Amino acid sequence: MVHQLPTGAKDLLPLDVAQKRWIESRIQQVFQSWGYQRIITPTVEHLRSLTAGGAVDPESVIQLHSNSIDILGLRPEFTASIARAYAARLGGNVATCPQRLYYNANVFRRRSNNTSEESFQAGVELLGASGLLADGEILMLLAESLDRVELENWQIILGDARLTGALLELFPEQYRDKVRQCLASLDRISLQEMDLPTDVKGYALELIDLRGKPKDVLSRLSNSAWTSSLTGEINYLKSLIELWESTGTTSVDRLILDLSFMQTFDYYTGIVFEVACNNYVVAQGGRYDHLLGVYHPQNISYPSIGFCINLEDLQQALQSRLPQTLVTSKCLVVAQSPKAMQSAFAYAAKLRQDLASDAIELELEFRAETEVRNHARLRGITQIAWISNDGAASLESVS
Ligand SMILES: N[C@@H](Cc1c[nH]c[nH+]1)C(=O)O
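Note that the coordinates shown come from a computational prediction; the quantities given were computed from them, not determined experimentally.

Just to check I follow, could you spell out the packing of helix α1 (residues 14-33) against helix α4 (residues 132-148) for this structure?
It is at 9 Å that the axes of α1 and α4 come closest, and there the two elements cross at 145°. Of the two elements, α1 crosses α4, and the hand of that crossing is right-handed. Contact with α1, carried on its side by Arg 26, Ile 27, Gln 29, Val 30, Phe 31 and Ser 33, involves Leu 141, Glu 144, Ser 145 and Arg 148 of α4 and no other residues of that element. Here the contact of α1 with α4 is composed, by residue class, of 4 nonpolar, 3 polar and 3 charged.

Can you walk me through the sheet that holds strand β11 (residues 280-287) in this structure?
Read across the sheet, 9 strands follow the order β1-β5-β6-β12-β11-β10-β7-β9-β8 without closing on themselves; strand pairing throughout is mixed. Across the chains shown, the open sheet's two edge strands, defined by having one partner strand only, are β1 (37-38) and β8 (211-212). Relative to strand β9 (residues 255-258), strand β7 (residues 155-160) runs parallel, the two being bridged by 3 bridges. Among the inter-strand pairings, Ile 156 is bridged to a residue of β9, identified as Leu 255. Each of β5 (99-110), β6 (116-127), β10 (271-277), β11 and β12 (304-310) is contacted by helix α12 (residues 311-318), which is oriented at about 140° to β11, the strand it contacts most.

Sorry, what's going on with the site of the ligand here?
Looking at the ligand, there are 16 residues lining it, with Glu 77, Thr 79, Glu 125, Tyr 268 and Gln 284 nearest. In the environment of the ligand, a nitrogen atom lies 2.9 Å from a nitrogen or oxygen atom belonging to the side chain of Glu 125. At 2.6 Å from a nitrogen atom of the ligand is found a side-chain nitrogen or oxygen belonging to Tyr 268. Here the ligand has 310 Å² of accessible area as a free molecule, and 98% of this is covered by the chains. Sorting the residues of the shell around the ligand by element identifies β5, β6, β11 and β12 as the ones contributing at least two each. Here the residues of the shell around the ligand sort into 7 nonpolar, 6 polar and 3 charged.

Quick question: what am I supposed to make of helix α14 (residues 369-378) here?
Buried within α14 are the following residues: Val 372, Arg 373, His 375 and Ala 376. One face of α14 carries all of its buried residues, which in axial projection span an arc of 160°. Turned more than 90 degrees off the buried face of α14, the exposed positions are Thr 370 and Leu 378. Of the residues flanking the end of α14, it is Gly 380, one or two places downstream, whose phi is positive at about 75°.

Help me understand the nonpolar core in this model?
The tendency in soluble globular proteins is for nonpolar side chains to be buried as a group. The biggest cluster of nonpolar side chains holds 70 residues, and the ones touching the most others in it are Phe 31, Leu 151, Ile 309 and Leu 314. Aside from chain neighbours lying at most four places away, what touches Leu 151 is Leu 146, Arg 254, Cys 277, Val 282, Leu 314, Ala 317 and Leu 318. One finds Leu 90, Leu 101, Val 107 and Tyr 295 within the second-largest nonpolar core, a separate group that totals 31 residues.

Could you clarify how one ought to interpret the packing of aromatic side chains in this entry?
What characterises a pair of aromatic rings is the spacing of the ring centres plus the angle enclosed by the ring planes. Counted according to the given criterion, the structure contains 8 aromatic pairs. Centre to centre, the rings of Phe 31 and Tyr 102 are 5.7 Å apart; their planes meet at 55°, and the pair counts as tilted. On the criterion of sequence distance, the pair formed by Phe 31 in helix α1 and Tyr 102 in strand β5 is long-range, its members being 71 residues apart. Given a relative accessible area of 3%, Tyr 102 falls into the buried group. Aromatic rings pair up to connect Phe 265, Tyr 267, Tyr 268 and Tyr 288 into one cluster. Above the ring of Phe 120, the side-chain terminus of Lys 20 is found at 4.0 Å from the ring centroid. The ring of Trp 22 has Arg 26 sitting right over it, with the charged end atom 3.8 Å from the ring centre.

In this structure, what is going on with unusual backbone geometry? I would like to understand it.
The general pattern is negative phi for most residues beyond glycine and trans for most peptide bonds. The omega torsion across Cys 97 and Pro 98 is -5°, close enough to zero to call that bond cis. Counting through the fold element by element, Pro 98 comes out in the loop between α3 (79-87) and β5. With a phi close to 50°, Leu 186 is a non-glycine residue in the positive phi region. Locating Leu 186 in the fold gives a position in the loop between α6 (173-184) and α7 (188-193). Here the phi dihedral of Asn 279 falls at roughly 70°; this positive angle occurs in a residue that is not glycine. With respect to the secondary-structure elements, Asn 279 resides in the loop between β10 and β11. Judged by relative accessible area, which is 85%, Asn 279 ranks as exposed.

Conventions adopted
- Residues numbered from 1 in each chain as written.
- Predicted model: local features only at pLDDT ≥ 70, side-chain atom pairs only at ≥ 80, totals over all residues.
- Heavy atoms only, no water.
- Axes fitted to C-alpha atoms, helices over the stretch in contact; angles between N-to-C directions.
- Helix = DSSP H or I, 4+ residues; strand = E, 2+ residues; numbered from the N terminus.
- Left-handed = near helix turned anticlockwise from the far one by under 90°.
- Contact = heavy atoms within 4.5 Å.
- Nonpolar A, V, L, I, M, F, W, Y, C, P; charged D, E, K, R; others polar.
- Pairing = 2+ DSSP bridges.
- Near = heavy atom within 4 Å.
- Polar contact = N/O pair within 3.5 Å; in protein donor to acceptor, adjacent residues only side chain to side chain.
- Areas by Shrake-Rupley, 256 points an atom, 1.4 Å probe, with all protein chains shown as cover.
- Buried < 20%, exposed > 50% of the residue type's maximum accessible area, 1.4 Å probe, protein only.
- Arc of directions from axis to C-beta.
- Core = buried A, V, L, I, M, F, W, Y, C linked by side-chain atoms within 4.5 Å.
- Phe/Tyr/Trp six-rings, centres within 6.5 Å; stacked < 30°, edge-to-face > 60°.
- Lys NZ or Arg CZ within 6 Å of the ring centre and 35° of its normal.

This is the structure in structure tokens:
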């Protein structure tokens, strides 16, 4: 019988793991250097916790059968779990605001074709903080993380759920849903063919084109006949973009403003963004000011913002920059006869102690010397320590 993995599941072999670790360790260093601390939430939660407030679609959750009446599910993302874990802890004596948390683990999603997918995310949540500094911190932390792994040609697509919502509110109610769908799927043709009053259609087409260099988009928006009631929101985005540009840490061209941009999860209330790089979406996130209230016993909410990096996509986008070979052991310790076994273990232990970061391997068979040398070469080991019956070691370099 052939034991195959379920569709969407995969084994990570040592080289995949080494590449993943290469990325994770660099990103975690950046998170920690900005004051973020690691949190670990459970893989399995009540389905109602994972989907509370209606922001996460239960259809996207892999559900588990258990003996309890409650349905359980595998986490499809982390933000809801962290909101659940912290909602009642914030503000009181337990945890002061803001809380800076990071995570690095796997998530599971059910796809529309009924297959499941396990993937890995590393991300941060900044809980109990709002305003330009908090939004700026998250965008700059994201940029620094991507720069630390030397990702090239990436761009942040920045939207604003609140502003996009307000722009949609300007449509007569009966058209809103349809226009929203067209915007979400960037479907200009359906929008053009839609039965809308001429002025409303003109505005809808204006909206779908609100994408490009931030300054151009914002000036088009400010000059639109429709947006005079939204000056506050527009000015906020202007200030955020000025802050991003003024720090000068990343190129101005990295930022694309797209006011038709919408996220899959429906808990966002402010800026939303994703990072695109060579057809991969390597990160996404945004501000969610009401989500913690969904989990708080008195429905008190704390403004929060975060992002996650999609580690597989980042690994694909980075491929040529990642380690292509595994680190090999420094030395192969060979007991030349059964009598030398104890001395071989002792010699290997001493080497491991002396060369703290190097791996030392034992030869496990009593083979002819030429075979041992060939074996060492094959494994990329450049040194052999031959241990004789009296415990003496003689070193040989293998090339
Ligand atoms: N949890 C979101 C990303 C995010 C983190 N914080 C806010 N948003 C996702 O998986 O897409």
